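Per-entry structural report
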Amino acid sequence: MAEVILKNIKKVYPHQEPKKKKKGEAEKKTNLQITDEGVLAVDNFNLEIKDKEFIVLVGPSGCGKSTTLRMVAGLEEISGGELYIGGQLMNDVAPKDRDIAMVFQNYALYPHMTVRENIAFPLKLRKVDKAEIDQRVNQAAEILGITEYLDRKPKALSGGQRQRVAIGRAIVREPKVLLMDEPLSNLDAKLRASMRIRISDLHKQLKKSGKPATTVYVTHDQTEAMTMGDRICVMKLGHIMQVDTPDNLYHKPKNMFVAGFIGAPEMNIRQSQLVESAGKLHIAIGNETMPLNAGMQEKVSAYAGQAIYYGVRPEFVSLSDAPFVDGGCSGEMVRVENMGHEFFVYLKVADYELTARIPSDEAKPMIDKGLHRKVYFKFDMNKCHIFDAKTEQNLSL
């Protein structure tokens, strides 16, 4: 069993003397929190990763996701809290004794060795029998589709092929835990898409073979997170914002940060107010209002008359050239983006832009009539979210 448990994990980097700034050099911005102890990179981090689970840590740069991964690997010292792997406390266990393997962003292959030698290297260090080494290397190469490259040197490989070699070198050890630190960030978009599929398929194949590793994958790319993870841990400023399935993160975000971070194009989130009219609560949109549905009315009734934020994903915004009979609002269609199978339509509403994601066959007749004209929109209120203006927590759940 390779369950990974992080309890109240904390990472503080001690204060260092700041480097003297060169004349004219701009002030560097940072997301890190400065405390009396030092720079707080990760704080109060609690996460239970199930045996054989594929979990993704995702968040913006500087949120502490790679630092967390490196603490699991033993490459960073834990400032506070407890780390367990397979039920064993690992805080003071050396990296080589944790039965983990790590895939780095920059491949970290030995340039003077062939692909075969690179993959076999960790097994040779363990003094594994040569026949077994050959068997494991050939098996890993076949799974990853790199058998024909076994006798080449890394310089003769593409970026995607090198990353597959790095993954092969990690899985050939049959570790309890496999750690991946932004392994696809150096690849182009097309290659990233194919490698996402390969890594996901690899995890499934290893499960079938009875040799799966609990996998912790770090990325800043939400597409990777949504398509690869059994569960996703969304981080911000060293804290966990939400841990959930991809579907729940998308449709049931617990707070405004998760709602805005997950999804492309991002969720429309705008400040508003809950106003009462004809015995119903409405959200104010510019000078107009849109009524909440019955289920939402009950959940947010205590916030009547108060400032809130509403959130709705672009695909849940409907457009029309004529007013909706069941209530809606109006805006000016200011620009469009043609994505082929769909259009992103941008509406000027009051002092902000609202994004609608419309299938091509529905959008084209409207777009052909020209921009900078009045159109009407409404939200699918079953998919709309209301956030507390102070705590930013989702009141709709």
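Structure first, text after, so check above.
Residues numbered from 1 in each chain as written. Predicted model: local features only at pLDDT ≥ 70, side-chain atom pairs only at ≥ 80, totals over all residues. Heavy atoms only, no water.

A few points about the packing of aromatic side chains
For clarity, the cut-off: Any two rings among Phe, Tyr and Trp, with Trp reduced to its six-membered ring, count as a pair given centres within 6.5 Å; such a pair is stacked if its planes are under 30 degrees apart, edge-to-face if over 60, and tilted if neither. Starting at the N terminus, helices and strands are each numbered in turn, a helix being any DSSP run of H or I of at least four residues and a strand any DSSP run of E of at least two. Accessible area is worked out with a 1.4 Å probe on protein chains only. A residue is then buried under 20% of its type maximum, exposed over 50%, and partly exposed in between.
Tallying each qualifying case throughout the model produces five aromatic pairs. Measuring from ring centre to ring centre gives 5.9 Å for phenylalanine 54 and tyrosine 217, while their planes differ by 35 degrees; the resulting arrangement is tilted. Here phenylalanine 54, found in strand S4 (residues 54–58), pairs with tyrosine 217, found in strand S9 (residues 214–219); they are 163 residues apart in sequence, far enough to count as distant. Residue classification places tyrosine 217 among the buried positions, given a relative accessible area of 0%.

Topic: the sheet that holds strand S15 (residues 307–312)
The following threshold applies: Two strands are counted as paired when DSSP detects at least two bridges linking them. Interaxial angle, 0 to 180 degrees, is taken between N-to-C directions of lines fitted to C-alpha atoms, where a helix line uses only the stretch in contact.
Read from one edge of the open sheet, five strands run S14-S13-S12-S15-S21, paired in antiparallel fashion. A strand with exactly one partner marks an edge of an open sheet, and here the two such strands are strand S14 (288–291) and strand S21 (385–388). Taking the axes of each pair of neighbouring strands and ignoring which way they run, one obtains an average angle of 45 degrees across the sheet. Note that strand S13 (residues 280–285) and S14 share four bridges and pair antiparallel. If you follow histidine 282 over to S14, its bridge partner there is proline 291.

Observations concerning the sheet that holds strand S17 (residues 329–338)
What links the strands of a sheet is backbone hydrogen bonding, and the strands pair in either a parallel or an antiparallel sense. Here is the rule we go by: Any two residues having at least one pair of non-hydrogen atoms within 4.5 Å are treated as being in contact.
If you trace the five strands from one edge of the open sheet to the other, you get S16-S20-S17-S18-S19, paired in antiparallel fashion. Sheet topology places strand S16 (317–320) and strand S19 (352–359) at the edges, where each strand pairs with a single neighbour. Shown here is a sheet whose adjacent strand axes are inclined to one another by a mean of 45 degrees, direction ignored. In the sheet, S17 pairs with strand S20 (residues 374–379) via four bridges, with the strands oriented antiparallel. Paired with cysteine 329 across the bridge in S20 is phenylalanine 377. Against the sheet, helix H10 (residues 360–367) contacts S16, S17, strand S18 (342–349), S19 and S20, and its axis sits at roughly 125 degrees relative to S19.

Concerning helix H5 (residues 189–209)
Operational definition: In this analysis, the expected span of each helix is defined as 1.5 Å times one less than the number of residues it contains. Directions drawn from the helix axis to the C-beta atoms are what define this arc. Counted as a polar contact is a pair of N or O atoms within 3.5 Å, where, for protein atoms, one must be capable of donating a hydrogen and the other of accepting one, and residues adjacent in sequence contribute only when both atoms are in side chains.
Spanning 21 residues, H5 covers 30 Å between terminal C-alpha atoms, matching the ideal 30 Å at 1.5 Å per step. If you check which residues of H5 are buried, you get Met195, Arg196, Ile199, Ser200, Leu202, His203 and Leu206. Here the buried residues of H5 occupy an arc of 150 degrees about the axis, which is enough to place them on one side. In H5, the exposed positions that point more than 90 degrees away from the buried face belong to Lys190, Ile197, Lys204 and Lys208. Among the residues of H5, the N-terminal cap falls to aspartate 188, whose side-chain oxygen and the backbone nitrogen of lysine 190 are separated by 3.2 Å.

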